[in-house]
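Summary of the model geometry
Listed below, chain by chain, are the residues.
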Amino acid sequence: MRSLGFSCVPVPVLVLVLHVVLVGSTELTFELPDNDKQCFYEEVENGVKFDIDFQVIAGGNYDVDCFVTDPLQNILYHERKKQYDSFSHTTAMAGAYKVCFSNEFSTFSHKIVYLDFRTGDERPLLPVMNSATALTQLESTCLSIHEILKVVSESQTRYRLREAHDRIRAEDIHERISYWSVGETALLFAVSAGQVLMLRSFFSDKKGSIGT
């Protein structure tokens, strides 16, 4: 079990990317072994909205169980065998909110899961945006660039996930094809050796008959 703030006991985990922006955000990719469950904790204040996105990018049928609970262990979200999903919630109390992923239904395949946990609303890019005054052309340009960069960042995340998913699947297919090719090669040599031995036995029988 781990905290999204990374303040608890460390366990084997592959961190894909971690960044903090105006909205509190944590992105990570971790391994979920078979017959195992991993939980993450995040301290959230009262009345704060948080968003969760997750996706299984490798392993088995690309599915996982997920549930979210509040500090009183009330279940806010619970889904089984999901490949990907999103969840949003506005807190009714302050405390540690828990996000758990379970692979206990799988007996032999481990999973690689991507998680994005965002808390809070984005603060205005410019202080004057809270006022009733109109934005200058420079401020409007800065705001437009900021929104475009947000879209670019989200697109890059989706492309990274898609690339990781496709790469892992391609490597798995390549490994299976390699094993199949080795098996076919061994079978070919075995059949060839059997045919040679069979032909030699025919000639040996004929020689024995002539000698007799």
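Residues numbered from 1 in each chain as written. Predicted model: local features only at pLDDT ≥ 70, side-chain atom pairs only at ≥ 80, totals over all residues. Heavy atoms only, no water.

Some words on the overall build of the protein
- A count of helices and strands for the protein gives 1 helix and 9 strands.
- Moving toward the C terminus, one meets the helices and strands of the protein in the order β-β-β-β-β-β-β-β-β-α.
- Counting over 212 residues, the protein shows a buried share of 29%. (Helix = DSSP H or I, 4+ residues; strand = E, 2+ residues; numbered from the N terminus. Buried < 20%, exposed > 50% of the residue type's maximum accessible area, 1.4 Å probe, protein only.)

Thoughts on the nonpolar core
- Counting residues in hydrophobic clusters, the biggest one holds 21 residues, and the most contacted among them are Phe30, Ile52, Phe101 and Leu115.
- At the level of secondary structure, the elements contributing two or more residues to this core comprise β2 (24-32), β3 (37-44), β4 (49-58), β5 (64-69), β8 (95-102) and β9 (111-119).
- Among the elements that take part in this core, β4 stands out by supplying 4 residues, more than any other.
- Sequence-distant contacts of Ile52, defined by excluding residues within four places in its chain, comprise Val68, Asp85, Ser86, Phe87, Val99, Leu115, Asp116 and Phe117. (Core = buried A, V, L, I, M, F, W, Y, C linked by side-chain atoms within 4.5 Å. Contact = heavy atoms within 4.5 Å.)

Some details on the packing of aromatic side chains
- With the rule as written, the count across this model stands at 8 aromatic pairs.
- Ring plane angle 55° and centroid distance 5.6 Å describe the contact between Phe30 and Phe101, whose orientation is recorded as tilted. Placement of the pair is Phe30 in strand β2 and Phe101 in strand β8, with a sequence separation of 71 residues.
- On the accessibility criterion, Phe30 (0% relative accessible area) is buried.
- The exposure class assigned to Phe101 is buried, which follows from its relative accessible area of 0%.
- Here a set of aromatic residues connected by ring pairs shows up, and it is made of Phe50, Tyr77, Phe87, Tyr97 and Phe117. (Phe/Tyr/Trp six-rings, centres within 6.5 Å; stacked < 30°, edge-to-face > 60°.)

Quick notes on the side chain of Lys98
- Inspection of the secondary structure puts Lys98 in strand β8.
- One buried charged side chain, Lys98, makes no salt bridge at all; its nearest oppositely charged neighbour is Asp70, positioned 9.3 Å away.
- A polar contact is formed between the side chain of Lys98 and the side chain of Gln73, at a distance of 3.4 Å. (Lys, Arg positive; Asp, Glu negative; His and termini not counted. Salt bridge = Lys/Arg side-chain N within 4 Å of Asp/Glu carboxyl O. Polar contact = N/O pair within 3.5 Å; in protein donor to acceptor, adjacent residues only side chain to side chain.)

As for the state of the cysteines
- Applying the stated criterion to the full structure yields 1 disulfide.
- Between the sulfur of Cys39 and that of Cys100 lies a disulfide, 1.9 Å long from S to S. The S-S bond linking Cys39 to Cys100 shows a torsion near 110°; that makes this disulfide right-handed. Of this pair, Cys39 sits in strand β3 while Cys100 sits in strand β8, placing them 61 residues apart in sequence. Each member of the pair Cys39 and Cys100 is classed as buried.
- Considering cysteine sulfurs only, Cys100 is the nearest to Cys66, which forms no disulfide, with 8.1 Å between them.
- With a relative accessible area of 1%, Cys66 lands in the buried category. (Disulfide = S-S within 2.5 Å.)

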